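# Secondary and tertiary structure notes
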Amino acid sequence: MLNALGFKVRKYHMNEGHSSLLALELLKQNSLDPNKVKELCIFTTHTPVEAGHDKFDYGLVGDLIQDKNDVEILRKYGGQNYFDTSIFAMNLSNYINGVTKRHSQISSALYPGYKIHAITNGVHSYTWTSPYFRKLYDRYLPDWENEPELLIRVGEIPDTELWEAHWNAKRNLIDEVNKKTGIGMDYDTLTIGFSRRMTSYKRPTLILSDLEMLRNINKRGKIQLIFAGKAHPNDEAGKQIIRDIYKVMKTLRDEIKIAFLENYNMDLAAKMVSGVDVWLNTPNCPYEASGTSGMKAAHNGVVNLSVLDGWWIEGWIEDVTGWSIGPKPDEKISIEETRLAELKDLYYKLYYIVVPMYYEQQDEWFKLINNSIGMIASYFNSHRMMRYYVTEAYL
Ligand SMILES: *Cc1c(COP(=O)(O)O)cnc(C)c1O
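Model, not experiment: these values are computed from the prediction.

Each assigned domain of the protein is listed with its residue range as follows: domain 1 (12-118) and domain 2 (125-381). Look at where the C-alpha atoms of domain 1 and domain 2 centre, and you get two points 36 Å apart. Counting from both sides, the interface comprises ten residues of domain 1 and, opposite them, ten residues of domain 2. Summing both sides of the interface, domain 1 and domain 2 together bury roughly 770 Å²; the carbon and sulfur share of this comes to 67%. It is Pro-48, Thr-100 and Arg-102 that lose the most area in domain 1 upon contact with domain 2, and together they represent 59% of the buried surface on that side. Counting across the domain 1 and domain 2 interface gives zero salt bridges. Summed over the shared surface of domain 1 and domain 2, the number is three residue pairs in polar contact (both at pLDDT 80 or more).

Moving on: the pattern of salt bridges. According to the stated counting rule, one finds 20 salt bridges in the structure shown. Here Glu-50 makes a salt bridge to Lys-55, at a shortest N to O gap of 3.0 Å. Of the charged contacts in the structure, one is a salt bridge between Lys-180 and Glu-176, with a shortest N-O distance of 2.8 Å. Separated by four residues within a single helix, Lys-180 and Glu-176 lie in helix 9 (residues 159-181), roughly one turn from each other. Judged by its relative accessible area of 49%, Lys-180 falls in the partly exposed class.

Moving on: the environment of Ser-290. Structurally, the position occupied by Ser-290 is in the loop between strand 10 (278-281) and helix 13 (293-299). A residue is classified by how much of its surface remains accessible, and Ser-290, at 4% relative accessible area, is buried. Note: C-alpha distance between Ser-290 and Glu-364 (74 residues apart in sequence) is 28 Å. The contact partners of Ser-290, leaving out residues within four places of it in the chain, are Val-99, Thr-100, Asn-121, Met-295, Gly-310 and Trp-311.

Judged by pairing direction, the sheet is parallel, and its six strands sit side by side in the order 9-8-7-10-11-12 without closing on themselves. In this open sheet, the two edge strands, each paired with only one partner strand, are strand 9 (257-261) and strand 12 (322-325). Adjacent strand axes in the sheet meet at a mean angle of 20°, parallel and antiparallel pairs treated alike. Sheet analysis places strand 7 (residues 190-195) next to strand 10, joined by two bridges and oriented parallel.

Conventions and cut-offs
- Residues numbered from 1 in each chain as written.
- Predicted model: local features only at pLDDT ≥ 70, side-chain atom pairs only at ≥ 80, totals over all residues.
- Heavy atoms only, no water.
- Domains from an automatic or database assignment.
- Contact = heavy atoms within 4.5 Å.
- Buried area = accessible area lost by both parts, 1.4 Å probe.
- Salt bridge = Lys/Arg side-chain N within 4 Å of Asp/Glu carboxyl O.
- Polar contact = N/O pair within 3.5 Å; in protein donor to acceptor, adjacent residues only side chain to side chain.
- Helix = DSSP H or I, 4+ residues; strand = E, 2+ residues; numbered from the N terminus.
- Buried < 20%, exposed > 50% of the residue type's maximum accessible area, 1.4 Å probe, protein only.
- Pairing = 2+ DSSP bridges.
- Axes fitted to C-alpha atoms, helices over the stretch in contact; angles between N-to-C directions.

Following this line, the structure appears as structure tokens:
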């Protein structure tokens, strides 16, 4: 189609195996020479989960792609026993990468024998910065939207103005929560946010594991929780997670305000990642290839509290850019021990560090806001990411 439209494409960038039949067409256009096709192709994997890589029975492949010669080509580069779309793409690409350093390690173990590079994801700074912060950055760091590295100079912006921008974004979100749910959240309470696809490996309900702990934290200093997210229609476990959140919401009704916002989309995500105080991330390691919502939060001075997986391994400096939950990525401990360590960290840090700092050490909180912008947003943005793709993969 691109050829027919007259584009002269120099490189084809395949994202996930879904796109890999492109390489079949390129083989046919290049006298079946794999080296010519490899020169043209780049492959990026986005999932460290084995089941996330599409594999198809050759019977089905034969039914769908009627040309016997095509099926034989797929078999030659895509696996003898079944057609693995990722393998097919990797065998026909000169450059292969994962989306964080950690994800590249995990992918290398999943697909031994392939050199899998790392290009860490980033988010588009302007898109994910709230109007309140955009105005501030415009004034103090002009042209930041085209050169997000400038955010490293966030120190130019007075803390009071950063706080005011955050306050406005928070008010905007809380107003929306109250309008939609009638729950009556307030602007002063430490607000913890979690919005993602509702699916098991993301563990949205980890923080709801021990309600007694939550009650204790809430006595130390008031907290409120906002969740948002959709489950895939076929993901029964994902739908159950939403029911579980509603159940806890009822149980804690008179103690801790919890809201669940429906119809999660980019507009709601933008409000969530800018309007809470703390961005919570608790996936099962090592299944979060990158995760990007925490990068969005950082662009708005929202502080990350996250397990050490995906991008956070590269963004995290304890007490400087935010907080970790659970073991370091290379710690060799059992699944049970990991879960205990995660719960302990999560509740311990909320009780002893996050809540007291929010209510009693505002200067310390301002440092975290500054560092989220200056040390995270200045790096974890798509301008930096694209430069890496161009210099490492495309040229
Ligand atoms: C950013 C975003 C995501 C991805 O967030 P993760 O942290 O990677 O899970 C998903 N959906 C929407 C609407 C988003 O804005």
